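Coordinate inspection notes
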Amino acid sequence: MVNTIAHKLPDQPICPDVKTPGIGSSHNVKFAASLPTHAVPQLCLPSYTSSLQAEEHPLAMYARQKPNRLPGEFIKQSKNGCAILRLSGQDAQASYPVYGPGASVQGRIDVHKAEGVTSVEVQVEGILKLEQLAGGGTTTYNLCSSKNIIWVKDRLRDSPCPNSLHFGLSLPTTFSEGEKTFPLPPSYEAHLSGLPGFRACIHYALTVQVMKPDDVPNIVKSAFLRKDEWTIVTPVLYRPRSRPPAAIPPPLVVHLHYGLTETAQWKATTSTILANGCGQDVIVRLHLPTPQVFCVQHPIPFYLSFHASDTALALFEPLAPFTCPVPRKKQITRIQLMRQTTVDIRNTWMLGTKSDMWTVDCIGEAAFKHIGQGSDWLAYSGEVFIAGHITLGGFRAGGFSVRDCLVLTVNPTDFTKSPFKGMRMVVPIQFSTDRWTEDNSGLTLYGPSLEIASDELDFIPELPH
């Protein structure tokens, strides 16, 4: 039964004095006074050519060459208030400045009471710190370090420090670990509680140091005359942005006789649900858009089909996905979005095994819709809804990695009485931060390729149900 809600339209138009022109309608518009007459100027229209002129740019190319920058400033001052950091192109209301790959950190330092200042420098640093609890040890990676000495006192001329100093630093796009090079990872924190456990932190910071020699003898120094009163330190959020390389393809067509009409734009991953006894197995296919890179802000579309004889499908039907809302624990066939976070402070193989620790979290769940059924097939469509706190995709940096995958499981409530055994299928996927656009202006795909992620995800341990 479908409930239809009817909205009653108003009997009179919103503006009764104005009637919208249409076919067969008169243009009746009431005016308080007639409009004054005026002469139409003779306009000189510009000439147009099919080729670009020197001062012209295609819109898509111009968008790539000129990325959007926020008009505000991020402002932070030193403890004594005598040094002020102003970072341009930032959200004035944000708690921390945000930058992307290869971004230019531009800003200004205002120095008050500049007498005696000998130098001013700015530095951007990034570190990855991994800690395994219960005696596992700690490892720290230096991801990036860029320093700019923007002013040094000329002792011959004895010139004072300017009250305003502009600077610019460029963030790298990659970092090296031994002979390997990785994309610079985003700001990120993860932990596994308990013993054993781990903590992982990718942290970036910008430091401004105003150097001023101490005029006060060491004997009379106090906590109120520390050097760090002239130092400004602010965390920096490094947020690489990316788009999928292709749009979500058109929906699959359901054929009356053989089910879903497969296309190259939807990749099918096939597995088998084994019969529990002498019955017939069921073939299951999970269809996902190609390539399997999705915007983290939108649900992941999919199709799911089952293929077997009519007798086997009749036995399997109680295990098929529920299309009405039910408690998750009662859903026998599920598609979950899982995120695996792995930490290995040694990042090596020991005695043939990896000395790593990992945690797997469910960050999304699928909803199903029945779209068709035949004598030897059963088909569903649906979407995997992603948790709202997930804003970044997977990455790898040193002994720290974050990977995402879809996990299709069929878990009968009672294996001894069920006509079928359980089944588990893992399909690696990758996330982008932004949705696909036709010109893909200004953004490129970040992180390892999908093929690399697929090879590594084959080692995912058994996931919790």
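Preceding this section is the structure that the text describes.
Below, the structure is looked at part by part. (Residues numbered from 1 in each chain as written. Predicted model: local features only at pLDDT ≥ 70, side-chain atom pairs only at ≥ 80, totals over all residues. Heavy atoms only, no water.)

1. Considering the nonpolar core
Ranked by size, the top nonpolar core spans 50 residues in total, and within it Leu 206 and Phe 400 carry the most contacts. If you tally residues by element for this core, the top one is strand β11 (residues 198-211), at seven residues. Counting 38 residues, the second largest nonpolar core, distinct from the first, contains Phe 316, Ala 366, Leu 378 and Val 384. (Core = buried A, V, L, I, M, F, W, Y, C linked by side-chain atoms within 4.5 Å. Buried < 20%, exposed > 50% of the residue type's maximum accessible area, 1.4 Å probe, protein only. Helix = DSSP H or I, 4+ residues; strand = E, 2+ residues; numbered from the N terminus.)

2. Some remarks on the pairing of β11
Here strand β5 (residues 119-132) pairs with β11 via 14 bridges, running antiparallel. Residue pairing in the sheet places Gly 126 in a bridge with Tyr 204 of β11. With five bridges connecting them, strand β10 (residues 188-192) and β11 associate as antiparallel partners. Residue Ala 190 lies in a different strand from β11, and its bridge partner there is Ala 200. From the end of β10 to the start of β11, which pair antiparallel, there are five residues, and Gly 194 there has a positive phi angle of about 95°. Here β11 pairs with strand β12 (residues 231-238) via six bridges, running antiparallel. Paired with Ala 205 across the two strands is Pro 235, which belongs to β12. (Pairing = 2+ DSSP bridges.)

3. A word on the packing of aromatic side chains
Overall, the coordinates contain eleven aromatic pairs when judged by the stated rule. Judged by centre distance (5.0 Å) and plane angle (75°), the rings of Trp 266 and Tyr 303 are edge-to-face. Here Tyr 303 lies in strand β18 (residues 300-307) and Trp 266 lies in strand β15 (residues 266-273), a separation of 37 residues in the sequence. The same class applies to Trp 266 and to Tyr 303, which are both buried. Put simply, the rings of Phe 302, Phe 306, Phe 316, Phe 368, Tyr 380 and Phe 420 pair up and form one aromatic cluster. (Phe/Tyr/Trp six-rings, centres within 6.5 Å; stacked < 30°, edge-to-face > 60°.)

4. Re the sheet that holds strand β4 (residues 104-111)
With antiparallel pairing, four strands are arranged side by side in an open sheet as β1-β2-β4-β7. The two strands at the open ends of the sheet, each matched to only one other strand, are β1 (72-77) and β7 (164-170). Strand-to-strand twist in this sheet, taken as the mean axis angle between neighbours without regard to direction, amounts to 25°. Relative to β4, strand β2 (residues 83-90) runs antiparallel, the two sharing five bridges. Looking across to β4, one finds that Ile 84 is bridged to Asp 110. (Axes fitted to C-alpha atoms, helices over the stretch in contact; angles between N-to-C directions.)

5. Quick look at the environment of Val 384
Residue placement: Val 384 occurs in strand β23 (residues 377-386). Taking the C-alpha atoms as reference points, Val 384 and Ile 335, 49 residues apart in sequence, are found 7.5 Å from one another. Contact partners of Val 384, with chain neighbours within four places excluded, come to Pro 299, Ile 300, Phe 302, Ile 335, Leu 337, Gly 364, Glu 365, Ala 366 and Leu 406. (Contact = heavy atoms within 4.5 Å.)

6. A word on the environment of Gly 399
Turning to its location among the elements, Gly 399 is positioned in the loop between β24 (395-397) and β25 (400-410). Residue classification places Gly 399 among the buried residues on the basis of a relative accessible area of 7%. Spatially, the C-alpha atoms of Gly 399 and Asp 344 are 4.7 Å apart, while their sequence positions differ by 55 residues.

7. Thoughts on the pattern of salt bridges
One pass over the full model with this rule turns up ten salt bridges. Linking Asp 110 and Arg 108 is a salt bridge whose minimum nitrogen-to-oxygen distance equals 2.8 Å. Residue Arg 108 is classed as partly exposed on the basis of its relative accessible area, which comes to 23%. The salt bridge involving Arg 241 is made with Asp 434; its shortest N-O contact spans 2.5 Å. Taken as a pair, Arg 241 in the loop between β12 and β13 (253-255) and Asp 434 in the loop between β26 (423-432) and α3 (450-457) lie far apart in primary sequence, 193 residues in all. (Salt bridge = Lys/Arg side-chain N within 4 Å of Asp/Glu carboxyl O.)

8. With respect to unusual backbone geometry
Here Thr 290 and Pro 291 are connected by a cis peptide whose omega angle stands at -5°. Along the polypeptide, Pro 291 turns up in the loop between β16 (282-289) and β17 (293-295). Positive phi values are uncommon outside glycine, yet Lys 113 reaches one of about 55°. Topologically, Lys 113 is positioned in the loop between β4 and β5. Look at Lys 113 and you get exposed, because its relative accessible area is 61%.

9. Things to note about the environment of Phe 395
Structurally, the position occupied by Phe 395 is in strand β24. You can call Phe 395 buried: its relative accessible area is 3%. For the pair formed by Phe 395 and Thr 341, sequence separation is 54 residues and the distance between their alpha carbons is 9.8 Å.

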